[in-house]
Structures are given as structure tokens and as C-alpha cells.
Amino acid sequence: MDKVTQIKSATLSDDLTQRLTAEIVKGVLPLGSKISEPELAKRYGVSRGPLREALVKLETLGLITRTANVGARVIDLNIDDLLDTYTLREAMEGMAARLASELISEQEVTELYKLLDEHQAHLDSNHDEHYANQYGNEDFHLRIIHASQNKKLIRVLTQDLYATIRMYRRYTADSRPDPRQALREHKAILDAIANREGDLAELLMRRHISRAANLLKKAMLQNSISQGNTGQ
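Predicted model only: the values in this text are computed from it and were never measured.

Undergrad: Hey, could you run me through the sheet that holds strand 1 (residues 34–35) in this one?
TA: Strand order across the open sheet formed by three strands is 1-3-2, with antiparallel pairing between neighbours. Both edges of this open sheet fall to strand 1 and strand 2 (64–67), since each of them pairs with a single strand only. Of the pairings in the sheet, the one linking strand 1 to strand 3 (residues 71–74) comprises two bridges and is antiparallel in character. The residue bridging Ile35 from the neighbouring strand is Ala72, located in strand 3.

Shown next as C-alpha cells:
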């Protein structure tokens, strides 16, 4: 971490937040690892002020914990938090799918079908390897969230929860079977949205997220990831 990374931005703390979020999600900053402010300040070539602002934002996003006289650490994934996160995600993404079925454009529907074709091609050419690192415009769920056109729902799902969701998906990808099942479910959800069947789109999305939560919980137990206070 001796190399100084230059960051040029009018909102330095926001840039730092984005960089640190990416490093936490990708595992560059491992689960449970202690965060050294002097080391990060040197690495990014910034003063401690903007860095501390970024750490406050990361704490708000639930990616780190900070304790007085101890410092900051990257969170440990645990089953209690998984279930809390996915219960909220299930309800909100179900709503997003319903709204998208009413508001999505035909062009967006066409682009989503093209995206699923790309996902199919990825699985075909990579021996069913998971595409757990998808994000941004390549993320099927994110596109549907934006298609809902509900600004508050979009903020909660894409800012407050998205990084945590990506962490759970990334750390358990290798333990989750049959990525083609997820792709089939995506296709069924998109068909319902394209046909403007809001009730069905919401139901299928909620079932999809609920199934994902159960698979993630099983994978976490198999991988011996910290189990919080569940006692399981």
C-alpha cells in the first residue's frame, strides 16, 4: 500500500467512499479487517479530514463499524444481517418489479432481454460460472429498480443496501448451485414485466429474492461465515 493513488474530484470524500466501497465489496479490504487511517491516507494521497468523512459514510452504509478508542473495521457478514437485509430487499424489489411493469419502456425491455442473452452466453462459455461480480448497467436487478422510477425506492436499494447485497453475493457465489436457475427466474420476471402483469412480476421477484436468501444462508453456514446471534 505504498503507492499513492491520486484522486481528482470536487467531492473528495465521495470519491473515497466509492473507492473504499469497491475495495470492501471485492475483498481487497477483507471481512473483519482493521482499517488504518494513516495507511489509507498515504495510499490515496489525501488528508485525514476527507478520509474520516468517507469512513462516516461507509459506517452509514453498514460496511464498517467504528468503536471509540479502537478504530474502524470492515464488517463481518452474519446471518442475522443477511435475513434483515433480504427481508427488506424482497419487499422493495417486489414493489420495483410491479412499478416497472407499469412504467418501463419497450426499449428498456428489449435491452433487458439482450442482457439476459448475454448472461446465457456467459454461462455457456464459462462452464456455468457465476456472474456474481456484475454491477451497474450489467446488473439485471439494478435495471429493474431504476425502471420503477420511484426515487426513494431507488435510493434505498442502490445506495443504502446495494453494496451489502453485492458482498453477500460475492462471498457465497461458489457455494450456490445452478446459476441457470437464477437466469430462468430472471427470464420469467422479465416476461411478466414485458406483459405488464404487475401482480405476477411482484410475486416472481419476491420468490426469487426469498430463494436467494435461503441459498445464501445455506452457503454461509457451509462456509462457516460468522453467524451473528442466531445460534445456528
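Undergrad: So what exactly am I meant to see when it comes to the environment of Tyr171 here?
TA: Mapped onto the secondary structure, Tyr171 falls in helix 8 (residues 162–172). On the basis of relative accessibility, which here comes to 22%, the residue Tyr171 falls in the partly exposed class. Residues Tyr171 and Ala219, spaced 48 residues apart in sequence, show a C-alpha to C-alpha distance of 9.0 Å. Excluding residues within four positions of it along the chain, Tyr171 makes contact with Ile24, Val25, Gly27, Leu31, Leu77 and Asn223.

Undergrad: Could you clarify how one ought to interpret the pattern of salt bridges in this entry?
TA: Two side chains carrying opposite charge are able to pair once their charged atoms lie near each other. Taken as a whole and judged by the stated rule, the model has 15 salt bridges. Note that Lys57 is salt-bridged to Asp14, the shortest N-O span being 2.3 Å. Taken together, the positions of Lys57 in helix 3 (residues 48–60) and Asp14 in helix 1 (residues 12–26) put the pair 43 residues apart, joining distant regions of the chain. Using a relative accessible area of 29% as the deciding quantity, one classes Lys57 as partly exposed. The class of Asp14 is partly exposed, set by a relative accessible area of 32%. Residue Arg89 pairs with Glu93 through a salt bridge whose shortest N-O separation is 2.5 Å. Here Glu93 and Arg89 lie together in helix 4 (residues 79–103), a separation of four residues that amounts to about one turn. Summarising the burial analysis for this pair, Arg89 and Glu93 share the class buried.

Thresholds, definitions, all that
Residues numbered from 1 in each chain as written. Predicted model: local features only at pLDDT ≥ 70, side-chain atom pairs only at ≥ 80, totals over all residues. Heavy atoms only, no water. Pairing = 2+ DSSP bridges. Helix = DSSP H or I, 4+ residues; strand = E, 2+ residues; numbered from the N terminus. Buried < 20%, exposed > 50% of the residue type's maximum accessible area, 1.4 Å probe, protein only. Contact = heavy atoms within 4.5 Å. Salt bridge = Lys/Arg side-chain N within 4 Å of Asp/Glu carboxyl O.

Shape is all these values report; function is a separate question.
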